[in-house]
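Single-letter residue listing:
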Amino acid sequence: MDEDMLYEMRIPAGITERIMIEVINEYGLEIKNTDDGPVLMGKKEDLEKAQDHIVKALNQRLKELEKGR
């Protein structure tokens, strides 16, 4: 299998521009506009790391919002 093969990952709803910039810069990803909306493109392992980063950032944001209740 080609190690340089690029994969696509849909961008989940609710992702802020700050998070997008972080994952694009940190994991060397590209953003591509498709008919179904924007996707992140990159190597599989980089997309998996970016996904973990996004989930952690969203969970942190949820905790912040819950404290404000």
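Before reading on, note that the structure itself is shown above.
Fair warning: this is a prediction, and the values are worked out from it, not measured in the lab.

Reading guide: rules and limits
Residues numbered from 1 in each chain as written. Predicted model: local features only at pLDDT ≥ 70, side-chain atom pairs only at ≥ 80, totals over all residues. Heavy atoms only, no water. Axes fitted to C-alpha atoms, helices over the stretch in contact; angles between N-to-C directions. Helix = DSSP H or I, 4+ residues; strand = E, 2+ residues; numbered from the N terminus. Parallel < 35°, antiparallel > 145°, perpendicular 65-115°, else oblique. Left-handed = near helix turned anticlockwise from the far one by under 90°. Contact = heavy atoms within 4.5 Å. Core = buried A, V, L, I, M, F, W, Y, C linked by side-chain atoms within 4.5 Å. Buried < 20%, exposed > 50% of the residue type's maximum accessible area, 1.4 Å probe, protein only.

A. Spotlight on the packing of helix 1 (residues 17–27) against helix 2 (residues 44–67). One way to put it is that helix 1 packs onto helix 2 with a least axis distance of 10 Å and a crossing angle of 150°. In terms of their interaxial angle, helix 1 and helix 2 are classed as roughly antiparallel. With respect to the hand of their crossing, helix 1 and helix 2 are arranged in right-handed fashion. Of the residues in helix 2, those touching helix 1 at I19, E22, V23, E26 and Y27 are D46, K49, A50, H53, I54 and A57.

B. Quick look at the nonpolar core. M9, I15, I19, M20, V23, Y27, L29, L40, L47, A50, I54 and A57 form the largest nonpolar core, which has twelve residues in total. Sorting the residues of this core by element identifies helix 1 and helix 2 as the ones contributing at least two each. The contact partners of L47, leaving out residues within four places of it in the chain, are Y7, E8, M9, L29, L40, M41 and G42.

Without other data, these values stay purely geometric and don't point to any function.
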